[in-house]
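# A look at the structure
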Amino acid sequence: MNNTVRDILKNSLLAAFGLFLFAFGVYLTIQADIGVAPWDAFNLGLSSTFGIKYGTASIIVSFVIVVIDVLLKEQIGIGMFLDAVLVGKSVDFFSWTGLVSKQEKLVFSLPVMAAGIIIMGFSQFLYMKASLGCGPRDTLLVGLKRRAKKIPIGLISVCILAIVTLAGYLLGGSIGIGTVICALLTGPVMQLDFKIVKFDPTVLKHQNIIESFKVFVHRTQ
């Protein structure tokens, strides 16, 4: 995959569509209004504290993490930059449309939350299938695991999410039962979505940005 400029452009569009769809899932979890995923709570907290849009906060956080990923000498791909920019601003777009109103009753909030999580899980399939690199946060998790070999990756993930959740709470982010639901169900639902479409992410070889650049250079020669 991604051996030609056409392949890279095609898969960049696929990744972008997947991220746009992922953002819609995030938007639904926000509109459920019963608490959101840890990173989203942090972004919403920054948004509320500094009077900026969710998307702006998301981009700032994403690029800070990208810098950390670079310092950790992890693989950086086109997909990482698409993730950093598109998700936040796509959430802002959906918020602007007012497509789904904020839910006020739990009986409606839970289905909206469930729909958001399911959509987020399926969209990960589209994004990963492009093989253009992982998102900033996933790369950070892997990078920390490489440097803390004796600590289980699950424990590292829990610690990161705990810190982010606490920061989001202190900043006034949306913390509630939805936060727990997202933390517990996002991974299993994603795995179920992958099973339904018969997708195995472990067989993919992601292309880093240097490899992508070489393909473009070779094309122009």
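Summary of the structure given here.

Cut-off values and rules
- Residues numbered from 1 in each chain as written.
- Predicted model: local features only at pLDDT ≥ 70, side-chain atom pairs only at ≥ 80, totals over all residues.
- Heavy atoms only, no water.
- Patch = residues over 30% accessible without salt bridge, like charges linked within 9 Å, V, L, I, M, F, W, Y side chains within 5 Å.
- Areas by Shrake-Rupley, 256 points an atom, 1.4 Å probe, with all protein chains shown as cover.
- Salt bridge = Lys/Arg side-chain N within 4 Å of Asp/Glu carboxyl O.
- Helix = DSSP H or I, 4+ residues; strand = E, 2+ residues; numbered from the N terminus.
- Buried < 20%, exposed > 50% of the residue type's maximum accessible area, 1.4 Å probe, protein only.
- Expected span 1.5 Å × (residues − 1).
- Polar contact = N/O pair within 3.5 Å; in protein donor to acceptor, adjacent residues only side chain to side chain.
- Contact = heavy atoms within 4.5 Å.
- Phe/Tyr/Trp six-rings, centres within 6.5 Å; stacked < 30°, edge-to-face > 60°.

### Examining a nonpolar patch on the surface
Side chains of Phe63, Phe81, Val85, Ile209 and Ile210 sit close together on the surface and give an oily, nonpolar patch of about 380 Å² of accessible area. Every element with two or more residues in the nonpolar patch is listed here: α4 (78-97) and α9 (209-220). With respect to the element layout, Ile209 can be found in helix α9. Since its relative accessible area comes to 36%, Ile209 is described here as partly exposed.

### A short note on helix α5 (residues 106-129)
For α5, built from 24 residues, the straight-helix expectation of 34 Å at 1.5 Å per residue is met to within 8% by its first-to-last C-alpha distance of 35 Å. One or two steps after α5, the chain reaches Ser131, where phi turns positive at roughly 60 degrees.

### Topic: the side chain of Ser212
Mapping Ser212 onto the fold places it in helix α9. Under the relative-accessibility criterion, Ser212 is labelled buried at 2%. At a separation of 2.6 Å, a polar atom in the side chain of Ser212 contacts the side chain of Gln207. Dropping the residues within four chain positions of it, Ser212 is found in contact with Ile8, Ile78, Leu132 and Gln207.

### Focus: the packing of aromatic side chains
Scanning the model with the defined rule gives twelve aromatic pairs in all. Geometrically, the ring pair formed by Phe125 and Phe199 is edge-to-face, given 5.0 Å between the ring centres and 70 degrees between the ring planes. Note that Phe125 is positioned in helix α5 and Phe199 in the loop between α8 (177-196) and α9, a separation of 74 residues in sequence. Per residue, the accessibility class of Phe125 equals that of Phe199, and both read buried. The structure contains a cluster of three or more aromatic residues connected by ring pairs, namely Phe20, Phe24, Tyr27, Phe93, Phe94 and Trp96.

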